[in-house]
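# Residue-level structural notes
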Amino acid sequence: MLKEIVKPNIRELKAYSAVEIPCKVKLDANEAPYGLDAAMSDVETNRYPDPEAKALRQHLARMLDVGAENIILGNGSDEIIYHLITAIGGPVMYPVPTFVMYGIIAQTFGVVTVPVPLSDDLDLDAGAMLEAVQKYEPKLIFLSSPNNPTGNSFNLETIIELLRVSRGVVVVDEAYQPYSTRPSIIPMMSQYKNLYVMRTLSKVGLAALRVGFLIGEEEGIEELNKVRLPYNVNTASQRTALMALTDGRVIEQNITTVIEERQRLFEGLTRINGVTAYPSDANFILIKTDNAKTLHARLLQNGILIKDMTSVLYGCLRITVGRPEENTELLKALEEVRGQNNER
Ligand SMILES: *Cc1c(COP(=O)(O)O)cnc(C)c1O
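Just so we're clear, the structure is a prediction, and the values are computed from it rather than from any experiment.

A word on the overall build of the protein chain. The secondary structure content of the protein chain amounts to 12 helices and 13 strands. The C-alpha radius of gyration computed for the protein chain amounts to 21 Å, which stays within 12% of the reference 20 Å derived for 344 residues, consistent with globular compactness. Summarising its shape, the C-alpha atoms of the protein chain cover approximately 65 × 55 × 50 Å along the three principal directions. Across the 344 residues in the protein chain, those meeting the buried criterion constitute 53%. Once local pairs closer than 6 in sequence are excluded, the contacts in the protein chain between residues at least 24 apart make up 70%. Looking at the protein chain as shown, the accessible area adds up to about 17000 Å², and 51% of this sits on carbon and sulfur atoms. Within the protein chain, one finds 35 positive and 43 negative side-chain charges whose respective centroids are separated by 4 Å.

In structure tokens:
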């Protein structure tokens, strides 16, 4: 009976599918290849978490050279997107294809979404974006840079232009910044009060903890804190994240390995017949090929799971950079599959 009274925009929504497909080599979700060794268990389970996660926020603030009052934590950056749309509403604008949660969460609130297609070179279409800002006056613009699933960073001049013309908030989602060749946009926050930067620990080896955060002007962060539910980041996550950041080794190892392996994987991919690999600033590589769906299925027969992107980008698949041995296995399997195709 709930289904009959649920809001129409929710009934029409397709739930985010995080289906688990059994596989030996998992390269579909942009996770980092290495995690923490030791589990930590010195949590006082009878007590509520620190509602403000003071120690973790202070550590992040020092790391990023901002104030602790400029940071709000989320149960993953997904929750930050939720906070932003709860507090601000729409229209919500974003380029497409991009990270799907901007659109999904906007739809759960029933606010107007303004998806603007990327240009042919997969960068922001400056003209179309600026035109859409004039026409729809979005209160929120989400820019994933580096972008998921394309892997490239967006043109900085276009981002700045959007910051200038937009009367709403521009959120630059730097989920993949640790893997990027370009500097973070964080230093520009002093010039543009409508610039907010989102980060996550999920792509550098701590996805299980669900820790994401947003950096921005103090008075804006204060407003967002009003919609954040108390204790949204649990004690085990706060402690483990702080421990991992203080030690730094696992995160560093992921970043170093992924950047080296991304280069090797990219070169390997470009050598495979009929496969085009796009340059990446992230921990994954987008490829384009004919028979993408068949290739995806054949890899899975070999126990290797990558991400099918054909519904949003014609002929495209997204491959997360894994451990060296996993990447080697992927390249080997790809060569075999493509070799067989070419014989026919
Ligand atoms: C994976 C991803 C996130 C989600 O991060 P969580 O902190 O795990 O919720 C956010 N933005 C982009 C662009 C991503 O690819």
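Okay, the side chain of N232 next. On the secondary structure map, N232 appears in the loop between α8 (218-227) and α9 (235-247). In terms of polar contacts, N232 uses its side chain to reach the side chain of R228, at 2.8 Å.

Turning our attention to the site of the ligand. What surrounds the ligand is a group of 13 residues, the closest being D173, T200, S202, K203 and R210. For the ligand, an oxygen atom lies 2.9 Å from a polar atom in the side chain of N148. Separating an oxygen atom of the ligand from a side-chain N or O atom of Y176 is a distance of 2.6 Å. Protein chains shield 93% of the accessible area of the ligand, which is 390 Å² for the free molecule. Partitioned by chemical class, the residues of the shell around the ligand number 3 nonpolar, 6 polar and 4 charged.

Per the stated rule, a full pass over the model turns up 6 aromatic pairs. Both rings, one in F99 and one in Y102, keep their centres 5.5 Å apart while their planes meet at 75°; by these two values the pair is edge-to-face. Accessibility expressed as a relative area gives 0% for Y102, which makes it buried. With a centroid separation of 5.1 Å and an interplanar angle of 80°, the aromatic rings of Y176 and F284 are classed as edge-to-face. Residue Y176 is found in the loop between β6 (169-173) and β7 (195-200), and its partner F284 is found in strand β10 (residues 284-289); the two are separated by 108 residues along the sequence. For Y176, a relative accessible area of 2% gives the class buried. Three or more aromatic residues link up through ring pairs in this structure, and these residues are Y94, F99, Y102 and F142. R318 extends its terminal NZ or CZ atom over the ring of F284, reaching a point 5.7 Å from the ring centre.

Moving on, we come to the sheet that holds strand β12 (residues 307-308). Strand order in this open sheet of 4 strands is β9-β10-β13-β12, and the pairing throughout is antiparallel. Of all the strands in the sheet, just β9 (275-277) and β12 have a single pairing partner and so form its edges. Contacts from helix α10 (residues 249-270) reach β9, β10 and β13 (316-320), with the element oriented near 5° to β10. Contacting β10, β12 and β13, helix α11 (residues 292-301) runs over the sheet at an angle of about 35° to β13.

Residue P91 is bonded to the preceding G90 through a cis peptide linkage, with omega at 0°. Along the chain, P91 falls in the loop between α4 (77-88) and β3 (92-96). The linkage connecting S145 with the following residue, P146, adopts the cis geometry, with an omega of 0°. Checked against the element boundaries, P146 lands in the loop between β5 (140-144) and α7 (156-165). Even without being a glycine, N30 presents a positive backbone phi close to 60°. Structurally, N30 can be placed in the loop between β1 (25-26) and α3 (54-64).

How each quantity is defined
- Residues numbered from 1 in each chain as written.
- Predicted model: local features only at pLDDT ≥ 70, side-chain atom pairs only at ≥ 80, totals over all residues.
- Heavy atoms only, no water.
- Helix = DSSP H or I, 4+ residues; strand = E, 2+ residues; numbered from the N terminus.
- Rg over C-alpha atoms; globule rule 2.2 N^0.38 Å.
- Buried < 20%, exposed > 50% of the residue type's maximum accessible area, 1.4 Å probe, protein only.
- Contact = heavy atoms within 4.5 Å.
- Areas by Shrake-Rupley, 256 points an atom, 1.4 Å probe, with all protein chains shown as cover.
- Lys, Arg positive; Asp, Glu negative; His and termini not counted.
- Charge placed at Lys NZ, Arg CZ, Asp CG, Glu CD.
- Polar contact = N/O pair within 3.5 Å; in protein donor to acceptor, adjacent residues only side chain to side chain.
- Near = heavy atom within 4 Å.
- Nonpolar A, V, L, I, M, F, W, Y, C, P; charged D, E, K, R; others polar.
- Phe/Tyr/Trp six-rings, centres within 6.5 Å; stacked < 30°, edge-to-face > 60°.
- Lys NZ or Arg CZ within 6 Å of the ring centre and 35° of its normal.
- Pairing = 2+ DSSP bridges.
- Axes fitted to C-alpha atoms, helices over the stretch in contact; angles between N-to-C directions.

So far we have only geometry, and geometry alone does not tell us how the molecule works.
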